[in-house]
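Descriptive analysis of the structure
One-letter residues, chain by chain:
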Amino acid sequence: MAGRFCDNCQSLLSPGSERCPKCGRPSGGVRAPASKPRGAAEDVPRPWEGTPVDRGGHPLFPYRPRPSQLEVVEAIGASLAEGKHLVMESGTGTGKTICSLVGALEHAREHKKKVLYLTRTISQSDQVMKELRSISRRTKVTGIPLLGRRKSCLLLRTLEEYEDVPPHALSKICEERKQRTMARQKGGCPFFADYLAIGEMSFAHHCMSELPTADEFDRYCQKQGACPYEARKAILPLVDVIVVPYVHLLSKEIRSALFDRLKLTPDDFVLIVDEAHNLIDAARDQESFTITMHDVEAAELEARDHANPRVMTGVDLGSLCATLRSIIDDAAREQVPPDSSEARLGRRFLEGRLRGALGLSEEELRSLCANLMDMGDKFVEERMERGKEPVSATLRLGTLLESWISADDSRFVKLISVDSNGKLVANCVEPEETTAFLSQVKGAVHMSGTLHPLRQYADVLGLPPGSELRSFPSPFPPGNRLVVYPEDVSAGQREMRMDPSMKGRIAGHIIDLCNATDRNTMVFFRSYEMLRSMRGGIEEKVDRQLYWEESGSSRRLASNIQAFKKEKDGVFFTVMGGKVAEGLDFPGQELDIAIVVGIPYPPPSLMLDELKVRYDKKYGSGKGWEYTSAAPAVRKVQQAIGRLIRTETDRGAAVILDNRVSRYREQLGARPTKDPVKDVVGFLGWSKRF
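What comes next is a walk through the structure. This is a predicted model, so every value here is computed, not measured. (Residues numbered from 1 in each chain as written. Predicted model: local features only at pLDDT ≥ 70, side-chain atom pairs only at ≥ 80, totals over all residues. Heavy atoms only, no water.)

**So, helix α8 (residues 214–224)**
All buried positions along α8 are accounted for by Ala214, Phe217, Asp218, Tyr220, Cys221 and Gln224. All buried residues of α8 project into a common sector of 160° when viewed along the axis, lining one side. Lining the buried residues of α8 we find α3 (122–136), β5 (143–145), α4 (149–152), α6 (190–198), α7 (200–210) and α9 (228–235). (Buried < 20%, exposed > 50% of the residue type's maximum accessible area, 1.4 Å probe, protein only. Helix = DSSP H or I, 4+ residues; strand = E, 2+ residues; numbered from the N terminus. Arc of directions from axis to C-beta. Contact = heavy atoms within 4.5 Å.)

**Points about the sheet that holds strand β14 (residues 444–448)**
Read across the open sheet, the seven strands follow the order β5-β6-β4-β7-β14-β3-β15; overall the sheet is parallel. At either end of the open sheet lies a strand with only one pairing partner, and these are β5 and β15 (468–472). When strand polarity is set aside, the average angle formed by the axes of neighbouring strands in this sheet is 20°. Pairing of strand β4 (residues 114–119) with strand β7 (residues 269–273) involves five bridges; the strand directions are parallel. Counterpart to Val115 in the pairing with β7 is Val270. (Pairing = 2+ DSSP bridges. Axes fitted to C-alpha atoms, helices over the stretch in contact; angles between N-to-C directions.)

**A short note on empty space enclosed by the protein**
The probe, sized like a water molecule, is rolled over the atoms to show the empty space still left. This model, assessed by the stated rule, comprises one cavity of 30 Å³ or more. The volume enclosed by the largest cavity comes to roughly 50 Å³. Around the largest cavity, the lining residues are Cys153, Leu155, Cys174, Lys178, Cys189, Phe192, Cys227 and Glu230. Its residues assigned to classes, the lining of the largest cavity shows six nonpolar, no polar and two charged. (1 Å grid on protein atoms, 1.4 Å probe; cavity = no way out; pocket = protein on both sides within 12 Å on 5 of 7 lines; lining within 4 Å. Points joined across faces, edges and corners; volume = space filled by probe spheres on them. Nonpolar A, V, L, I, M, F, W, Y, C, P; charged D, E, K, R; others polar.)

**Some words on the side chain of Thr628**
In this structure, Thr628 sits in helix α25 (residues 623–642). A distance of 2.6 Å separates the side chain of Thr628 from the backbone oxygen of Gly624, its partner in a polar contact. Polar contacts involving the side chain of Thr628 include one to the side chain of Ser629, which spans 3.5 Å. Residue contacts for Thr628: discarding those within four places in its chain leaves Pro602, Leu608, Leu611, Lys612 and Tyr615. (Polar contact = N/O pair within 3.5 Å; in protein donor to acceptor, adjacent residues only side chain to side chain.)

**Observations regarding the packing of helix α13 (residues 293–305) against helix α14 (residues 317–335)**
Orientation of α13 relative to α14, taken along the N-to-C sense of each, is 160°, at an axis distance of 9 Å. What the angle tells us is that α13 and α14 run roughly antiparallel. Considering only the axes of α13 and α14, their crossing is left-handed. For the pair α13 and α14, the contacting residues are Met293, Val296, Glu297, Ala299, Glu300 and Ala303 in the first and Leu317, Gly318, Cys321, Ala322, Leu324, Arg325, Ile328 and Asp329 in the second. For the contact of α13 with α14, the class distribution of residues is nine nonpolar, one polar and four charged. (Parallel < 35°, antiparallel > 145°, perpendicular 65-115°, else oblique. Left-handed = near helix turned anticlockwise from the far one by under 90°.)

**Details of the environment of Ile254**
Relative to the helices and strands, Ile254 resides in helix α11 (residues 252–262). Taking relative accessible area as the criterion, Ile254 reaches 32% and is therefore assigned partly exposed. Sequence separation between Ile254 and Gly148 is 106 residues, and the spatial gap between their C-alpha atoms is 9.5 Å. Among residues more than four places away in sequence, those in contact with Ile254 are Val247 and His248.

**Comments concerning the pairing of strand β16 (residues 481–486)**
The buried count for β16 comes to five of six residues, which makes it a mostly enclosed element. In the sheet, β16 pairs with strand β21 (residues 652–656) via four bridges, with the strands oriented parallel. Counted as the bridge partner of Arg481 is Gly652 from β21. Pairing of β16 with strand β22 (residues 671–673) involves three bridges; the strand directions are parallel. For Val484, the partnering residue across the bridge sits in β22 and is Arg671.

**Focus on the sheet that holds strand β13 (residues 423–428)**
The strand order β8-β13-β12-β11 describes an open sheet built from four strands, whose pairing is antiparallel. Looking at the sheet topology across the chains shown, the edges are occupied by β8 (289–292) and β11 (342–344). Neighbour-to-neighbour, the strand axes of the sheet open up by a mean angle of 25°, direction not taken into account. Bridge count for strand β12 (residues 412–417) against β13 is six bridges, and the pairing is antiparallel. Counted as the bridge partner of Lys414 is Ala426 from β13. Against the sheet, α14 touches β8, β11, β12 and β13, its axis set at about 85° to β12.

**A short note on the nonpolar core**
Core analysis: the biggest nonpolar cluster contains 68 residues, and Phe203, Leu271, Leu279 and Tyr457 have the highest contact counts within it. Apart from residues no more than four positions distant in its own chain, Phe203 is found in contact with Tyr195, Ile198, Phe217, Tyr220, Cys221, Gln224, Ala226, Ala231 and Ile235. Membership of the second largest hydrophobic core comes to 43 residues, among which are Ile291, Met312, Ala343 and Cys428. (Core = buried A, V, L, I, M, F, W, Y, C linked by side-chain atoms within 4.5 Å.)

**Examining the pattern of salt bridges**
Summed over all chains, the structure comprises 36 salt bridges. The closest approach of N and O atoms between Lys84 and Glu82, which form a salt bridge, is 3.1 Å. Judged by its relative accessible area of 54%, Glu82 falls in the exposed class. Linking Arg333 and Asp330 is a salt bridge whose minimum nitrogen-to-oxygen distance equals 2.6 Å. Placement of both Arg333 and Asp330 in helix α14 is noted, with a separation of three residues, approximately one turn of the helix. (Salt bridge = Lys/Arg side-chain N within 4 Å of Asp/Glu carboxyl O.)

**Re unusual backbone geometry**
A cis amide bond links His452 with the next residue in sequence, Pro453, at an omega value of -5°. Structurally, Pro453 is set in the loop between β14 and α19 (454–460). Even without glycine at this site, Glu275 takes up a positive phi of about 45°. Backbone geometry at Arg348 places phi at a positive 55°, although glycine is not the residue there. Within the secondary structure, Arg348 sits in the loop between β11 and α15 (349–358). The exposure class assigned to Arg348 is partly exposed, which follows from its relative accessible area of 26%.

**Observations regarding the packing of α8 against α9**
Interhelical geometry of α8 versus α9 gives an angle of 115° and a closest axis separation of 9 Å. When the axis of α8 is compared with that of α9, the two are roughly perpendicular. Two packed elements cross with a definite hand, and for α8 against α9 that hand is right-handed. Here α8 contributes Ala214, Phe217, Asp218 and Cys221 to the contact with α9, which in turn contributes Pro228, Ala231, Arg232 and Ile235. Here the residues of the contact of α8 with α9 sort into six nonpolar, no polar and two charged.

Structure follows, in structure tokens:
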């Protein structure tokens, strides 16, 4: 499935093609383009090239296998051969990424399929590309990380506030500019023009020879002045492995467009889901939506700009928006209790209020939504004719109202929230679109280092009967890790309210542990709120280089992480479940001590209450709490502790500052301690400060 080029005109050939679509000559073997594009590297050995080590008898495995790694590969191959889903918890050191790639590629090559590797973050996709390079040392494989238009389109970065433009509008901007470029009209896209001028084969050759990460490929294209998004689209059909962000498969619209482009059916690919413990929440989030006061007010402004057009007989756009504002405002004031931020709405609450206020039948209400969307489409066309971004608040409001009316109460919990000056919330509890897609996939690997209980994952996602559930323990010596918890503190909100001294005792443990050693230390809080509330007292008393994660500042976070890794004498304060706690490696002395502050049970919510009731009914009494609260919280603790041991020679110590963890002590390998500082320093073997 590697990229192929015509011997005569060097045009890219589709997989399986017998003749070149441009010159008509019979297709030959694999060929590289005759000339290099601007800025291409010279033919020098790449840093990942070298002599492969003994692969222990497996033709694709690029390293000397650790214990159980070939067992993992065999389990993957056996499940895929039977068209089954494999749900796999694979401990640190089992090499989930390389094992899943080897097992999936072996099956995919034999059956002429692609591998779709699903990741949550760009850093995870980088790791996939690095492992593909390792495999390619001996056996040629190809792959590319997929990014959406918003992250890779160079033209959009030249537009003001492009991050606020919705996806469908971005697509219209792109298509309109491309058409202008093809017609050689003014106002086209210069990056698309350069892409066409250079030729798609140059980018394909670079991708297949270098196996670049997402950022490396974007920088290469940018250096050529060419569009990375269009270059990726051309390369996708030619590679063995496509590394796909979650949203590209969870969104029905994006997934359909991708599969149409690749001409894929469920029989044509195998799926790998990385960090699968995140998939359930991601699927629910994808299908959930809100109608905010801002949405209504933006449509109201648009009505004024267009002389308040009539939506249907007796209803103009302005009066509709005013009615919606009144409904949301009244519900927020009247239905939300003083001690809460949300309240559950009755069945068809919004529909009933709208029909009553506007004098509409149910059929007329649906027609109103359709008319709103038609009106919004006209506004978009008008804006495009004036050279403005193709967006419309009226179109968005009509789409949201139609989605609300169509949202089945059996799958959604509908709420009124006081947040953001009032908003209507439709929380998806059963992600039907995702489960329907997964049920059609003929072979998939769902893997994580923290997926227990496996049955919960398979149940909630509705995986096909007969799906395999397997656990593979870490091959690293258990004696390389210490996990302890002092019994004198609990970081639960109720416990901290009842005992005013609790917060000070927790801070005292953190300060003592941080000041006791020079080892790189991470402190994982249960929430950003807790991190901020304790920062002042800790910052004054810890005599170390301190780094703090702040929500929303990705660039600063990346800089702080690099500085923390390099200096090896700092303390990094972050949260469980965040970007640092998952998907990042800190091998060797980049991290020696993890301090976990609290058990990150999800905060109470009406959505959570509904899930508990449903799970208790469906899976048995007590499963609601286990599936919605206990299991996700323990996973986050495990993810934080898992940052410590990334190689067989790593040693690390974790201290959990919450005695409630005693109920999970066997699962976490934890034991109580009366003196965590003494235990940690004794385990690590030395300290300049102690």
